[in-house]
Amino acid sequence: QVQLVESGGGLVQPGGSLRLSCAASRFTFSSYAMSWYRQAPGKERELVAAITSAGDNTNYADSVKGRFTISTDNAKNTVYLQMNSLKPEDTAVYYCNAKRTTVWGKKYDYWGQGTQVTVSS
């Protein structure tokens, strides 16, 4: 059974930093595009950052550009989200996502259970 397990969330003051981790197991991690999403109370889930399976291209939501960095460690089957200069509006549950589409068009889409990030003084 595929597993994505997030960790690293918590309470941090505005301007602080956190690093989220997502450990993947039971699938070929290096074949998947990895992403971080977040969902704040009363809002839809939104894409925060994404990285290609080759790790050669990243994409960020405008609201986090210059503050957040996504990266992967294929040896550890782990994707990270380094979050700096955190703002109260970054408060949300953060989810790890793995996606892959095979050459035959079969889609794989896996989610973690989420980790809470709260930015407050």
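The rules behind each value
- Residues numbered from 1 in each chain as written.
- Predicted model: local features only at pLDDT ≥ 70, side-chain atom pairs only at ≥ 80, totals over all residues.
- Heavy atoms only, no water.
- Disulfide = S-S within 2.5 Å.
- Helix = DSSP H or I, 4+ residues; strand = E, 2+ residues; numbered from the N terminus.
- Buried < 20%, exposed > 50% of the residue type's maximum accessible area, 1.4 Å probe, protein only.
- Core = buried A, V, L, I, M, F, W, Y, C linked by side-chain atoms within 4.5 Å.
- Contact = heavy atoms within 4.5 Å.
- Phe/Tyr/Trp six-rings, centres within 6.5 Å; stacked < 30°, edge-to-face > 60°.
- Lys NZ or Arg CZ within 6 Å of the ring centre and 35° of its normal.

Considerations on the state of the cysteines
Taken as a whole and judged by the stated rule, the model has one disulfide. Between the sulfur atoms of Cys 22 and its disulfide partner Cys 96 the distance amounts to 2.1 Å. Between Cys 22 and Cys 96, the disulfide has an S-S torsion of -80° and is therefore left-handed. With Cys 22 in strand β3 (residues 18-25) and Cys 96 in strand β9 (residues 92-101), this residue pair connects regions lying 74 residues apart in the sequence. Of the two residues, Cys 22 and Cys 96, neither departs from the other in class, the shared state being buried.

Notes on the nonpolar core
With 30 residues, the main nonpolar core has Met 34, Trp 36, Leu 81, Met 83 and Tyr 94 as its most contacted residues. When near neighbours in sequence (up to four residues on either side) are disregarded, Tyr 94 contacts Glu 6, Leu 20, Trp 36, Tyr 37, Arg 38, Val 48, Phe 68, Leu 81, Met 83, Gly 114, Thr 115 and Val 117.

A few points about the packing of aromatic side chains
Using the criterion set out here, one finds seven aromatic pairs in the structure. Ring geometry for Phe 27 against Tyr 32: centres 4.6 Å apart, planes inclined by 70°, an arrangement best described as edge-to-face. Looking at Phe 27, the relative accessible area reads 13%, which means it is buried. The exposure class of Tyr 32 is buried, given its relative accessible area of 5%. Measuring from centroid to centroid gives 6.4 Å for Tyr 32 and Tyr 108, while their planes differ by 70°, and the two rings are edge-to-face. Within this pair, whereas Tyr 32 is found in the loop between β3 and β4 (33-39), its partner Tyr 108 is found in strand β10 (residues 107-111), the two being separated by 76 residues in sequence. Overall, the relative accessible area of 23% leaves Tyr 108 in the partly exposed class. Site record: aromatic cluster; members linked through ring pairs are Phe 27, Phe 29, Tyr 32, Tyr 108 and Tyr 110. Geometry around Tyr 95 places Arg 45 over its ring, the cationic atom sitting 3.8 Å from the centre. Lying over the aromatic face of Trp 111, Arg 45 brings its terminal NZ or CZ to 4.7 Å of the ring centre.

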